[in-house]
Each structure stands twice: as structure tokens, then as C-alpha cells.
Amino acid sequence: GDLAGLFARELRERSSHGFLPVGFIADDPAVHSRSINGLPIFCGVEQLPEIVRSHSVQTILVVEQDGAGTRLDEVEQMCASLNVAVKRIGLRIE
């Protein structure tokens, strides 16, 4: 939530990154149909092929969270089959 919103705002304000966010994907049904910083929250990874096609997505940015490794593998496999690049974004405080 908060970390994804922070990165979306950064990407919108600094176009030099070359990314234009179109939305977020979340598995939690409680957040579907909501938005973060004006960007929609899509319903689950299963919608990824439809989102990629309808928004001409070329790269998926994944905001890493603890414990998301298994789901990340699934996203990477799906993106590979769609010819979409995956880039991981992480923030670590140690």
C-alpha cells in the first residue's frame, strides 16, 4: 500500500524513469475497486494477461514485500509468457 503509492507518485513526478504506472495488482479482495494515488487496484495476478493487453504494458514493476517470494515467481513466469519484463523494487531498512 504505502510503499507502492510512494513509488507510483515518484514515477509520475519524474518521467525520466521512463515508466508510466497504470495501476496495482492485489490479491486482497478487500482492496479491489479502490485506488492508490488515483491508480486502480486490479483484482489479483490472474488478471495480469488482460491488464497487459488492455494497457499495452511492457514492464511490470514489483514492489517487494517480505514473504512474497512464491507469488513473485508466479508473476515472473506469467510475464515471461506474455513477453513482459519484470523489475523488482525493494526498500530495506537494516
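Criteria and cut-off values
Residues numbered from 1 in each chain as written. Predicted model: local features only at pLDDT ≥ 70, side-chain atom pairs only at ≥ 80, totals over all residues. Heavy atoms only, no water. Pairing = 2+ DSSP bridges. Helix = DSSP H or I, 4+ residues; strand = E, 2+ residues; numbered from the N terminus. Contact = heavy atoms within 4.5 Å. Axes fitted to C-alpha atoms, helices over the stretch in contact; angles between N-to-C directions. Core = buried A, V, L, I, M, F, W, Y, C linked by side-chain atoms within 4.5 Å. Buried < 20%, exposed > 50% of the residue type's maximum accessible area, 1.4 Å probe, protein only.

J.: In this structure, what is going on with the sheet that holds strand 3 (residues 39-43)? I would like to understand it.
T.: Within a sheet, each strand pairs with its neighbour through backbone hydrogen bonds, oriented either parallel or antiparallel. Here we have 3 strands laid out as an open sheet, ordered 1-3-2, and mixed in their pairing. Both outer strands of the open sheet, strand 1 (24-26) and strand 2 (35-36), are each paired with one neighbouring strand and no more. Docked against the sheet, helix 1 (residues 2-13) engages strand 1, strand 2 and strand 3, running at close to 165 degrees with respect to strand 1.

J.: What is the right way to look at the nonpolar core in this model?
T.: In a soluble, globular protein the nonpolar side chains are often hidden away together inside. One finds Val 45, Leu 48, Val 52, Val 57, Ile 60, Val 62, Leu 72, Val 75, Met 78, Cys 79 and Val 84 forming the largest nonpolar core, which totals 11 residues. Looking at this core, the elements that each hand over two or more residues are helix 2 (48-55), strand 4 (59-63) and helix 3 (69-81). Top contributing element to this core by residue count: helix 3, with 4 residues. When sequence neighbours within four positions are dropped, the list of residues in contact with Leu 48 reads Ile 25, Ile 60, Val 75, Met 78, Cys 79 and Leu 82. Ranked by size, the runner-up nonpolar core spans 7 residues in total, among them Phe 24, Ala 26, Ile 36 and Leu 39.

J.: How should I be thinking about unusual backbone geometry in this particular structure?
T.: Glycine aside, residues mostly have negative phi, and peptide bonds are mostly found in the trans state. Phi at Asn 37 is positive, roughly 50 degrees, even though this residue is not glycine. The topology assignment puts Asn 37 in the loop between strand 2 and strand 3. For Ser 56, which is not a glycine, the phi torsion comes out positive at approximately 50 degrees. Here Ser 56 shows up in the loop between helix 2 and strand 4. On the basis of relative accessible area, Ser 56 is assigned to the exposed category, the value being 60%.

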